[in-house]
Amino acid sequence: MTEKVLNVSSDENPQGKSSAASLEEKIALKEHELLRILMDNVPDSIYFKDHEGRFVMVNKAKAYNSSTTPEAMIGKTDFDYLSPAQASRVRQLEEEIIKTGKPMVGNIETLTRKSGNTVHVLANKVPWYDSEGNIIGTIGISRDITEFKDARESLEQAKNDLEKRIDERTHQLKELNETLLAEINERKRMEEEIRKNYYTQRAINNVLKIALEPVSLIEQLDKTLDLVLSIPWLSLLSKGSIFSYDDATSTLNMISVRGLSDFLRKTCKIVPVGMCLCGRCALTRETIFVNHLDERHDIGYDGMTNHGHYCVPIQKGSQLLGVINLYVNAGHTTTHMEVAFLLAVADSIAGMMERDKNEIEKHKLQKQLIHSEKLSALGRLSASVAHEIRNPLTAIGGFARRLHKMVLDGTKEKEYADVISAESTRLEIILKNILSYSRAESHNMSSQNLNEIIAETIRNYSETMLEKCVKVFFTAGNLPLIKVDRTQIRQVFDNLVTNAIDAMPSEGGSVRIITKATVKDNVKCAMIQIEDSGTGIPPDKISMIFEPFFSTKEMGRGTGLGLPITRRIVTEHGGMINVESYPGAGSVFTVYLPFKE
């Protein structure tokens, strides 16, 4: 260690030092020697600087770190070993310490020596006091921590790299876990889908089996409804019904029901198209799903709980056959699979209804064929008999009329002649009707206005209606011209109107005639409806009114051929005739005549 020795003179004994002063000097020298040994053997840089920042004392470590010798540094400053900027910063700190007397401990400095080496040092600087307590400079101890700092930075970098790799690996594992979880969920979903498909297919197969059972349509629909309501994954309430569609009245008729209250069974037994959810389904021909009560629930009652519905149309092509109505819990979420399954069930039910309709039609046609064969035989027999008795009857009638002219008025013979003449005339009319019914007639077809033909019939019977206090109300719809045999169609209207007049009680009544264009069994038709307020037809008689020689009129007031002839004419024109009767309230005859625009 090199130091700059500052000798301070004092008054000395001219004869020499005292023994006490000599001892103190020896001790001081010894302490100085020990300090020098300590400083030179400490690996940290140690230095003393005066007020001007000049090195007064440095150890070997400081000189080594400054690439010089301790002797060379005495009297030098940091400006001789550091860059000007770094030297100025160091000097500024030392001046602050000298000024305030506060030490600077644990300061890390990055220094670039003039040799170009950059080092990091941990510096501690304190004020340097003299024996009287005055600050005369600074004392500094610094340690080169470059390797430690580099190692620490390397360790920190390694830590950051490791954390980054851990984060990346964690992210990869998270993504992999999410992928695996998604695959597991997808597999579960597919398994659930397969399970539902299996149960769906099995349910459809069971519905098809039900359709093949030799039972009535109602039994088939009841079993199908029970099957659908028992499927667990549908989450249906145990409530539902199946409606059939009546095209003539534009209504839905409940024919199968499960779980509904007596109130709903009665209220919803007949639902007009467009009313409530079922009616709207019939109107739009589209599946309706709701999961709560809303304004479309036209039918309600006190205490009705919140619920939803599936309303599925039953169709054969474009023809509406009915509607399936199923109840679901409030808040239920619909799925494509549910809708597809219910549509498949609706198709199966459509097949059931169509087969039932075909069976009914088949039996009806068989019955009509048998009936037609009977009527044909009866017609031939009637025609033969009519021909046989027509000539004798004509002779009887002729002689009766001659006799009537020859007999004096007021005699019994005159009265008998009147009866014979009248009955002969009635028999001639009967024979004429029999021959008309039994023989095939050619049709003189031409485009006609049906409203005009009906108006002619009304005018023809206006006097009779006036006599019997019968009022007629005619509502003529917008009908196109239709190809018909005018004479025969006029006979149809004449027969129906005269029957309506004859059905009136003694005090009279009313006849309402309505015409309009409509669609019947997917065919455009002109509908002619004749409604009377008469006595009606007994239920046990209504199925026989189109039978030849059957009549509900009093003996002598009808031949029983008017309605059979009417139906034959309508049928030969490709149409049909229906009757509804309410004993004591009247009857409604409806004629449908097809047309092409």
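Parameters and conventions
- Residues numbered from 1 in each chain as written.
- Predicted model: local features only at pLDDT ≥ 70, side-chain atom pairs only at ≥ 80, totals over all residues.
- Heavy atoms only, no water.
- Axes fitted to C-alpha atoms, helices over the stretch in contact; angles between N-to-C directions.
- Helix = DSSP H or I, 4+ residues; strand = E, 2+ residues; numbered from the N terminus.
- Left-handed = near helix turned anticlockwise from the far one by under 90°.
- Contact = heavy atoms within 4.5 Å.
- Nonpolar A, V, L, I, M, F, W, Y, C, P; charged D, E, K, R; others polar.
- Pairing = 2+ DSSP bridges.
- Parallel < 35°, antiparallel > 145°, perpendicular 65-115°, else oblique.
- Expected span 1.5 Å × (residues − 1).
- Buried < 20%, exposed > 50% of the residue type's maximum accessible area, 1.4 Å probe, protein only.
- Arc of directions from axis to C-beta.

## Some words on the packing of helix α13 (residues 486–502) against helix α14 (residues 562–572)
- α14 packs onto α13 with a crossing angle of 145 degrees between their chain directions and a minimal axis gap of 9 Å. Along this stretch, α13 crosses α14, giving a crossing that reads as left-handed. Contact with α13, carried on its side by Gln488, Ile489, Gln491, Val492, Asn495, Leu496 and Asn499, involves Gly562, Leu563, Ile565, Thr566, Ile569, Val570 and Glu572 of α14 and no other residues of that element.
- The class makeup of the residues in the contact of α13 with α14 is seven nonpolar, six polar and one charged.

## Observations concerning the sheet that holds strand β8 (residues 251–258)
- Reading across from one edge, β9-β8-β7-β12-β11-β10 is the order of the six strands in this open sheet, with antiparallel pairing throughout. At either end of the open sheet lies a strand with only one pairing partner, and these are β9 (270–272) and β10 (288–290). On average, each strand axis in the sheet is tilted by 25 degrees relative to the strand beside it, whichever way the strands run.
- This element, helix α6 (residues 217–229), spans β7 (236–246), β8 and β12 (319–329) of the sheet and lies at about 65 degrees to β8.
- Along the sheet face, helix α8 (residues 276–284) touches β7, β8, β9, β10, β11 (307–316) and β12 and points at about 30 degrees away from the line of β11.

## Structural notes on the packing of helix α11 (residues 450–460) against α13
- Viewed as axis vectors pointing N to C, α11 and α13 meet at an angle of 50 degrees, and their least axial separation amounts to 9 Å. Judged by the angle between their axes, α11 and α13 are oblique. When the axes of α11 and α13 are compared, the crossing they make is right-handed. Contacts from Leu450, Ile453, Ile454, Glu456, Thr457 and Asn460 of α11 reach α13 at Arg486, Ile489, Arg490, Phe493, Asp494 and Val497.
- Class assignment for the residues of the contact of α11 with α13 results in six nonpolar, two polar and four charged.

## A look at helix α4 (residues 84–100)
- When the terminal C-alpha atoms of α4 are compared, their 24 Å separation across 17 residues agrees well with the 24 Å that a helix rising 1.5 Å per residue should span.
- For α4, the complete set of buried residues consists of Gln86, Ala87, Val90, Arg91, Glu94, Ile97 and Ile98. One side of α4 carries all its buried residues, which in axial view fall inside an arc of 130 degrees. In α4, the exposed positions that point more than 90 degrees away from the buried face belong to Pro84, Ala85, Gln92 and Lys99.
- In this structure, the buried residues of α4 make contact with β2 (45–50), β4 (104–112), β5 (118–129) and β6 (135–144).
- Count one or two residues on from α4 and you reach Gly101, which has phi positive near 80 degrees.

None of the figures reported here should be taken as evidence of function without further support.
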